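Structural overview
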Amino acid sequence: MTTELRMCVIDDIRTVVQGIANQIDWASYGIGIAGTASNGEQGIELIKQTEPHIVLTDIRMPKIDGLEMTRQILAWFPRTKIVFLSGYTDFEYAQEALRLGAFDYIVKPYTPQKIIDVVLKAKQSIDEEMHETQRYREMERKLRESLPFLRQEYFQLLLQFRTTPEQAQKRWDFLNIGLERERFVVMLTEIDQFTEQTDTLPVQEVELIRFTVHNILEESLREHTKGFVFRDHTNRYVAIFNPSDSFHAEAIAERCRENVNKYSRYTISIGLGEEVQEIHQISYSYSQAFAAISYNFYTGGNTVYNYRDLSPVHQTLPRYSPEKEKELFYCLRSGNLPKACSIVDELFEETVHASTPPAPEVVKGMCDELAFLINRVFSEKLTRDEMEGIERYQYHIKNLSTYKLKELQENIKELCRLGCEFIQKRHVEDVNQVVEQVIAHIRQNVSSNMTVNDYAKLVYLSGSYFANLFKKVTGMTVTQFVTTERMEQTKAMLLEGKQVQEIAQALGYEDRRHFSELFKKHTGMTPSDFKQLYTK
């Protein structure tokens, strides 16, 4: 049964407090309003009395400001989630509050849905903490009762913390570990795209998947050496094994990868640390395996990554040609999205094309810099309002916590698309304006026998470029459009009772027969027939 969470709302503007506390159905989200306050001092007293799970508060308030309130609240109730309502001018102030331990902030102006989203995000965090606390307590109980779990705890400590040889050896003997006492390799395994593939599955089926992969890893190791496998995370396993003289560590890891791929519907990524000699050195191999597995950033998975092959000594720094960068920026300024995306693909290919690719965090840094430069190029062409969404997306890229190479690449192309759409729209508007200017001139001077080049000069364009532009907008050539306008004016003049010869001369046609043929081609009847049909 889920416990209802308590929330306090603190703001010196009464309507804001009432709107948030009373106009949103918090009960439907499993949240109750514990109370409200109009300043920081009252807010602190309210929080002491009600001990809420969530505090939603303005960042600038009378008597006690948000920073001081954050310090005091978290000193008493460190698990309380504090969410600030802040304006753009309070951004640095809000950032300081986050550094002090506040959960999040919402920038004004905000919508009720935005408030709900952030509060639910805090609720989710609280639920996860509660779940994690319960899970940890249950694990402690099981570890005390079960020797396998005690071994797992022991190895987790060895992986995370350095210890002395004496301490490591003492617990090893007590737990009767089934490995040789010397020479160890740590293998870190992750189920690829685990969250995406199991998001809609029931818990029992998810647990079965985890058990299946765990079992395959244990059996694969058992074929070649002694090893111990345990779950380190939702989709991650740690294997500690003694290297075999007849079957080297990378071959064992490859066999594990192949067997999971063969006997389950899933693939795995494996990070392999280097061999260490002593028990207390296992943490070194683990940290190497952890660094190695991050390289599934490049492939997306189903690969063994050996730390030995990824040593920083052999890595190259990401780089691409300045000429390509200049070409990209030219395409962005002209709004040429297809070409810009093609160049982005080439830049990424150049960046990561190396026998030993650079570390993922280094590529991420390069990506952040490229996003910043793209943003600056668009800022030269677009308005402040148009730049708002682009800057927000650049911030999204910069703050990605998990990412793959392909995802970064697509994010950069999405940033290009956002800016190019505005530039293309402006280009279309400019083109339409140029064509409309010429159309207005044609209609006012329909009898003049101007050439395409004459019209092009009116808008300071070359004849060929203007001709293509005109046809793209109107669907007709300039000559066809002029003829159409003349024929429409002919109809009006015929209905006014004017003679065919008079009309032809007025519209710039010296040859009456040629004029009549053009009219018939345009309307399907001669001028005389048209006049007779519509002037009865």
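This paragraph deals with unusual backbone geometry. One non-glycine residue, arginine 183, adopts positive backbone phi at about 65°. With respect to the element layout, arginine 183 can be found in the loop between helix H7 (165-175) and strand E6 (185-191). What makes arginine 183 partly exposed here is its relative accessible area of 27%. Phi at glutamine 193 is positive, roughly 45°, even though this residue is not glycine. With respect to the helices and strands, the residue glutamine 193 is situated in the loop between E6 and helix H8 (194-198).

A few words now on the sheet that holds strand E8 (residues 236-241). Taken together, five strands build an open sheet; the order of strands is E7-E8-E6-E9-E10 and the sheet is mixed. The sheet is open, and its two edges are formed by strand E7 (227-233) and strand E10 (304-306), each paired on a single side. For this sheet, the mean angle separating the axes of adjacent strands, direction not counted, is 20°. Examined bridge by bridge, E6 and E8 share six bridges and lie antiparallel to one another. By the bridge assignment for E8, methionine 187 is matched with alanine 239.

Tracing the backbone through its elements, the reader meets asparagine 375 in helix H15 (residues 360-379). A polar atom in the side chain of asparagine 375 sits 3.4 Å from the side chain of glutamine 394. Those residues in contact with asparagine 375 that sit more than four places away from it in its chain are Met387, Ile390, Glu391 and Gln394.

A word on the pairing of strand E4 (residues 81-86). Most of E4 sits out of view: six of its six residues are buried. The alternating pattern of E4 places Lys81, Val83 and Leu85 and Ile82, Phe84 and Ser86 on opposite faces, both of which are buried. Bridge count between strand E3 (residues 54-58) and E4: five bridges; the pairing is parallel. Across the sheet, the residue bridging to isoleucine 54 is lysine 81, located in E4. With respect to chirality, the unit in which E3 leads through helix H3 (residues 66-76) into the neighbouring parallel E4 is right-handed. Sheet analysis places E4 next to strand E5 (residues 104-107), joined by four bridges and oriented parallel. Pairing of serine 86 across the sheet is with valine 107, part of E5.

If you look at the biggest cluster of nonpolar residues, it comprises 42 residues, and the most contacted ones within it are Leu328, Leu332, Ile374, Phe378 and Ile412. For this core, the secondary-structure elements that each account for two or more residues are helix H12 (296-299), helix H13 (322-334), helix H14 (337-352), H15, helix H16 (384-398) and helix H17 (405-444). For this core, the leading source of residues is H15, giving nine residues. Those residues in contact with phenylalanine 378 that sit more than four places away from it in its chain are Leu332, Met387, Ile390, Leu415, Cys416, Gly419, Cys420 and Ile423. Of all hydrophobic cores here, the second largest spans 24 residues; its members include Ile216, Ile252, Ala253 and Cys256.

This brings us to a nonpolar patch on the surface. Among the surface-exposed residues, Leu495, Leu533 and Tyr534 lie close enough to one another that they form a single nonpolar patch of about 320 Å² accessible area. Following the sequence through the fold, leucine 533 ends up in helix H23 (residues 527-534).

For the rest of this paragraph, the subject is the pattern of salt bridges. Per the stated rule, a full pass over the model turns up 35 salt bridges. Between glutamate 410 and lysine 413 there is a salt bridge; the shortest N-O distance is 3.2 Å. In this pair, glutamate 410 and lysine 413 are both assigned in helix H17, three residues apart and thus about one turn of the helix distant. Take glutamate 410: its relative accessible area is 35%, and that puts it in the partly exposed class. For lysine 413, a relative accessible area of 13% translates into the label buried. Between glutamate 488 and lysine 491 there is a salt bridge, with the nearest N and O atoms lying 3.3 Å from each other. Of this pair, glutamate 488 and lysine 491 both sit in helix H20 (residues 478-495), separated by three residues, roughly a single helical turn. Given the relative accessible area of 39%, glutamate 488 is considered partly exposed.

Spatial strand order, E2-E1-E3-E4-E5: five strands in an open sheet with parallel pairing. Strands with a single pairing partner mark the edges of an open sheet, and in this sheet they are strand E2 (31-37) and E5. Recorded for the sheet is a direction-independent mean angle of 20° between the axes of neighbouring strands. Along the sheet face, helix H2 (residues 40-50) touches strand E1 (5-10), E2 and E3 and points at about 145° away from the line of E2. Packed on one face of the sheet, helix H4 (residues 91-100) meets E4 and E5 and runs near 165° to E5.

What counts as what
- Residues numbered from 1 in each chain as written.
- Predicted model: local features only at pLDDT ≥ 70, side-chain atom pairs only at ≥ 80, totals over all residues.
- Heavy atoms only, no water.
- Helix = DSSP H or I, 4+ residues; strand = E, 2+ residues; numbered from the N terminus.
- Buried < 20%, exposed > 50% of the residue type's maximum accessible area, 1.4 Å probe, protein only.
- Pairing = 2+ DSSP bridges.
- Axes fitted to C-alpha atoms, helices over the stretch in contact; angles between N-to-C directions.
- Polar contact = N/O pair within 3.5 Å; in protein donor to acceptor, adjacent residues only side chain to side chain.
- Contact = heavy atoms within 4.5 Å.
- Right-handed = clockwise from strand over helix to strand, strands pointing away.
- Core = buried A, V, L, I, M, F, W, Y, C linked by side-chain atoms within 4.5 Å.
- Patch = residues over 30% accessible without salt bridge, like charges linked within 9 Å, V, L, I, M, F, W, Y side chains within 5 Å.
- Areas by Shrake-Rupley, 256 points an atom, 1.4 Å probe, with all protein chains shown as cover.
- Salt bridge = Lys/Arg side-chain N within 4 Å of Asp/Glu carboxyl O.

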